[in-house]
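Listed below are the residues making up each chain.
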Amino acid sequence: MKRALVLGGGGAKGAYEIGVWKALNELGEQFDLVCGTSIGALIGAMYVQHDYERCAALWERLQAADIIKNGVNIQYDLEQLMEERKAIKEMIFGYVSNKGVDISPFEQMIETLFDEERFFTSDIDFGCMCVLAKDLSPYKVKKQMMTPTSAKDYLLASASCFPIFPMKEIEGNKYIDGGYYDNVPAALALEMGADSVLAIDLKPADKKKKRLASKKVTYLSPREPLGSFLDFSRERIYRNQMLGYFDTMKLYRHYIGERYTFPASQKQKIEEFEEKMVCFFNSKKQSDHVLAFWYHQLFQSNRKNKRKQEGQLQILEKSAALYEVDDLQVYDFDTFLNEIERSFHSYQQQHEEMRVMLPSMIKEAKSFSKKEATLLFYRYLVHRYEPQESNQKQLPRLLKEPLRYAMCLYYVIHQSDHFRFSK
């Protein structure tokens, strides 16, 4: 079976793919073919060379100035241009001078990183996506088409992010970034004979995004935006690498969780927690008037709202994110609960004024941030406060999310201690 790894384009977001590569190495996953676009093509070429250590070291120090002469980090995403093919086609025809920023540092970097002997003698096949500037047609470059000289040229062509970067001319033809045709070239991998494909897309998945429909292709996407095309700040690069690493480990079920990360061995403990939390609030519907009131407000039926109901762990993770619990580490589940409690209590102490104003604040809750509204509802639960003005009508939908977080925090802080157990 021929297995392919496909690496999407996205400039500085490519740090995510370094995290993916690290995880794949640890998992012992190997591929027979690598296809890439733009930065994915460059990382892919280094994958073919079996050059992880050198590639990872590069990303530890990479700056915008290593790509563009006198370059600085910018908060502008060129992928927006790639979604406007008609507009960019007109721009290309009008771009007579074929000049852009000075990318001589990037050219030098490719010259340094590309090892022709290791690349051409490698047992891993390779393909990359370029686009012919004259008509925006795809130009698929395969390893057997390359020479030691043209290989570096095509890697640069695949990453020529017009109009910021200049077009790349090769043998009389001008090329621009392959992302203008296919930023995640899974179809190219299938065309080259792949039986299964792991495709790394550097943009979060959404319902509007069209992807190749094939049972052979598995897509991996980040759960959040990875920043801009030229954001090489150390904090952003580190975060994106860790997200790529954790997402890959979760894909292969070595870790579990959505926003946060837990060893797969914690699955039973987490499922027990979720089940007991649901049972706790269900049992209070008869015995605790105040909790029953808020529980009813939260789960009142709304036929227009057909969204899939979130699981308790998802709510717990969102609560943790709301109060800024660190999401770049692997947690024992009990430690995670303790961190949520610590972070929430810290926020509580900074907002003592809400305790005094408690009875009158339900009217103002719509204007609160999620953090403030969650704290408000939490204090309603703790102080057993049932605001009379809410008795006759359903709680506004925008307040249901903070109420859901508050009920989760209430359970963690006041009820779950006896469910926690040591490893």
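For the structure, check the block above.
Note that this is a predicted model, so its numbers are computed, not measured.

The element helix H8 (residues 148-158) is extensively covered by neighbouring structure, given that 8 of its 11 residues are classed as buried. Within the sequence span of H8, burial applies to Ser150, Ala151, Lys152, Tyr154, Leu155, Leu156, Ala157 and Ser158.

The subject of this paragraph is the nonpolar core. Ranked by internal contacts, the top residues of the largest apolar core, which has 69 residues, are Leu5, Trp59, Phe106, Phe126, Ile200 and Phe232. The biggest single contributor to this core is helix H2 (residues 39-48), with 8 residues. Not counting residues up to four positions away in its chain, the partners in contact with Leu5 are Leu24, Phe31, Leu33, Val34, Cys35, Tyr47, Leu198 and Ile200. Judged by nonpolar contacts, the second largest core, of 48 residues, contains Phe280, Leu313, Tyr323 and Tyr347.

This brings us to the pairing of strand S2 (residues 33-37). The side chains of a regular strand alternate, first on one face of the sheet and then on the other. Where burial is concerned, most of S2 is hidden: 5 out of the 5 residues are buried. Burial along S2 is two-sided: Leu33, Cys35 and Thr37 and Val34 and Gly36, pointing in opposite directions, are all buried. Where strand S1 (residues 3-7) lies against S2, 4 bridges are found, and the strand directions are parallel. Note that in S2 the partner of Leu7 across the bridge is Gly36. Each parallel crossover has a hand, and for S1 linked through helix H1 (residues 15-27) to S2 it is right-handed. Here 5 bridges tie S2 to strand S3 (residues 125-132), and the two strands are oriented parallel to one another. Of the residues in S3, the one forming a bridge with Gly36 is Cys128.

Turning our attention to the pattern of salt bridges. Under the definition given, this model contains 18 salt bridges. Between Asp51 and Arg118 there is a salt bridge, with the nearest N and O atoms lying 3.5 Å from each other. Of this pair, Asp51 sits in the loop between H2 and helix H3 (52-61) while Arg118 is found in helix H7 (residues 116-121), placing the two residues 67 residues apart along the sequence. Relative accessible area serves as the criterion here: at 36%, Arg118 is assigned to the partly exposed category. A salt bridge links Glu191 to Lys142, with the shortest nitrogen-to-oxygen separation between them at 3.1 Å.

So, on to the side chain of Lys168. Position of Lys168 relative to the elements: it lies in strand S5 (residues 168-170). Excluding anything up to four places from it in sequence, Lys168 contacts Asp153, Leu156, Ala157, Ser160, Asn173, Lys174 and Tyr175.

In this structure the tally under the stated criterion is 33 aromatic pairs. Considering the side-chain rings of Phe119 and Phe126, the 5.4 Å spacing of their centres and the 75° angle between planes classify their relative orientation as edge-to-face. Classification of Phe119 by relative accessible area gives buried; the value is 1%. The buried category is assigned to Phe126, whose relative accessible area is 0%. Aromatic pair Phe377 and Tyr380: ring centres 6.0 Å apart, planes at 75°, arrangement edge-to-face.

Cut-off values and rules
Numbering of residues begins from 1 in every chain and follows the order in which that chain's sequence is written. Local features in this predicted model are restricted to residues of pLDDT 70 or higher, and side-chain atom pairs are both shown and tallied only at a pLDDT of 80 or more, whereas totals for entire chains, interfaces and linings draw on every residue. Neither water nor hydrogens contribute to the side-chain values; these are computed over all heavy atoms in the structure. Type-normalised accessible area, obtained with a 1.4 Å probe on protein chains alone, sets the label of each residue: buried when under 20%, exposed when over 50%, and partly exposed for intermediate values. Think of it this way: any DSSP run of H or I at least four residues long counts as a helix, any run of E at least two long counts as a strand, and we number them from the N terminus. Put simply, a nonpolar core is a bunch of buried Ala, Val, Leu, Ile, Met, Phe, Trp, Tyr and Cys residues held in one set by side-chain atoms that sit within 4.5 Å of each other. The contact criterion used throughout is that any non-hydrogen atoms of two residues lie within 4.5 Å. A pair of strands counts as paired when DSSP detects no fewer than two bridges linking them. By the criterion used throughout, a crossover qualifies as right-handed when its path from the first strand across the helix to the second strand runs clockwise, the strands pointing away from the viewer. Each salt bridge in this description consists of a side-chain nitrogen of Lys or Arg and a carboxyl oxygen of Asp or Glu lying within 4 Å of one another. Note on aromatic pairs: the rings of Phe, Tyr and Trp (six-membered ring only in Trp) are paired at centre separations within 6.5 Å, and the planes decide the class, stacked below 30 degrees, edge-to-face beyond 60, tilted for the rest.

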